[in-house]
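# Structural overview for review
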Amino acid sequence: MPDSPAQRAQRAFAASTVALILALVCLAQFLPPFVAQTTASTVRTVFTALALATCVLLHWAFLGIGAQRAGRSVGFWAGALGVLLFPIGGAAALVLLSWVSSEAAATAHTPHPG
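## Re the packing of helix H1 (residues 5-28) against helix H3 (residues 42-69)
Direction vectors running N to C along H1 and H3 enclose 160 degrees, while the axes themselves pass 8 Å from each other. Compared by their axis directions, H1 and H3 come out roughly antiparallel. Crossing of H1 against H3: the hand is left-handed. When its residues are assigned to classes, the contact of H1 with H3 shows 20 nonpolar, four polar and two charged.

The following block contains the structure:
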């Protein structure tokens, strides 16, 4: 049985959530009290920065994919909220898009009286 668009969107939102959490973990490595350990080694600094950049890009990509699968505007959800207001806007977009997508799926499966 093929997945519904709502299920496919939820998978993209889950991947975006994981990428956002990993990006925040990488970002925390550059905040006190971890910054001294992170910047003590050039290799660790470079790899942490590359991981941060990769996670942020993956978060934005999966957020856009999820918005498209949910039938929403990719430019608004991924661009305006995800990119311009990162990381709070990305988290808010994830919560709102997941909620709207799950509500739409629940409405689609609810029998209508009549």
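Having seen it, we continue.
## Side note on the side chain of His59
Within the element layout of this structure, His59 appears in helix H3. Not counting residues up to four positions away in its chain, the partners in contact with His59 are Ser16, Ala19, Leu20, Phe86, Gly90 and Leu94.

## Quick notes on the nonpolar core
With ten residues, the main nonpolar core is built from Ala9, Phe13, Leu20, Leu63, Ala67, Trp77, Leu81, Ala93, Leu94 and Leu97. Those elements that provide at least two residues to this core are H1, H3, helix H4 (74-84) and helix H5 (88-109). Ignoring any residue separated from it by four or fewer positions in sequence, one finds Ala9 in contact with Gly66, Arg69, Ala70 and Ser101. In terms of nonpolar packing, the next biggest core, distinct from the first, is built from five residues, Ala23, Cys26, Leu52 and Cys55 among them.

## Points about the packing of aromatic side chains
Within the structure shown, the criterion is met by two aromatic pairs. For the pair Trp60 and Phe86, a centre-to-centre distance of 6.0 Å together with 80 degrees between the ring planes defines the contact as edge-to-face. Here Phe86 lies in the loop between H4 and H5 and Trp60 lies in helix H3, a separation of 26 residues in the sequence. For Phe86, a relative accessible area of 27% puts it in the partly exposed group.

## Regarding the pattern of salt bridges
In a structure, side chains of opposite charge can pair up when their charged atoms sit close to one another. In the structure shown here, the tally under the stated rule is one salt bridge. A salt bridge links Asp3 to Arg11, with the nearest nitrogen and oxygen atoms 2.5 Å apart. On the basis of relative accessibility, which here comes to 38%, the residue Asp3 falls in the partly exposed class. Exposure remark for Arg11: the relative accessible area of 46% places this residue in the partly exposed category.

## Examining the packing of H3 against H4
Geometry of a packed helix pair, given as the angle between the helix axes and the separation of the axes. Relative to each other, H3 and H4 sit at 150 degrees, their axes nearing to 8 Å. Taken as axis vectors, H3 and H4 run roughly antiparallel relative to one another. In this structure, the crossing between H3 and H4 has a hand that is right-handed. Across the interface between the two elements, Trp60, Leu63, Gly64, Ala67 and Gln68 from H3 touch Val74, Trp77, Ala78, Gly82 and Val83 from H4.

Conventions adopted
Here the residue numbers are simple positions, counted from 1 along each chain's written sequence. Totals for whole chains, interfaces and linings use every residue, but because this is a predicted model, local features are given only for residues with pLDDT of at least 70 and side-chain atom pairs only at 80 or more, for both listing and counting. Hydrogens and water molecules were not included; the side-chain quantities draw on all heavy atoms of the structure. Interaxial angle, 0 to 180 degrees, is taken between N-to-C directions of lines fitted to C-alpha atoms, where a helix line uses only the stretch in contact. Counting from the N terminus, the helices are the DSSP runs of H or I reaching at least four residues and the strands are the DSSP runs of E reaching at least two. In these notes the angle categories are as follows: under 35 degrees is roughly parallel, over 145 is roughly antiparallel, 65 to 115 is roughly perpendicular, and the rest is oblique. A clockwise turn of the near helix away from the far one marks a right-handed crossing, whereas an anticlockwise turn of less than a right angle marks a left-handed crossing. Charged means Asp, Glu, Lys or Arg here, nonpolar means Ala, Val, Leu, Ile, Met, Phe, Trp, Tyr, Cys or Pro, and polar covers whatever is left, Gly included. The contact rule is simple, with two residues in contact once any of their heavy atoms fall within 4.5 Å. Residues belong to a common nonpolar core when they are buried Ala, Val, Leu, Ile, Met, Phe, Trp, Tyr or Cys residues joined through side-chain atoms within 4.5 Å. Only protein chains enter the accessibility calculation, which uses a 1.4 Å probe. A residue is then buried if its area is under 20% of the maximum for its type, exposed if over 50%, and partly exposed in between. Note on aromatic contacts: the rings of Phe and Tyr and the six-membered ring of Trp form a pair at centre separations within 6.5 Å, being stacked when their planes are under 30 degrees apart, edge-to-face when over 60 apart, and tilted otherwise. When a carboxyl oxygen of Asp or Glu lies within 4 Å of a side-chain nitrogen of Lys or Arg, that pair is called a salt bridge.

Functional significance is not addressed by these values, which are geometric in nature.
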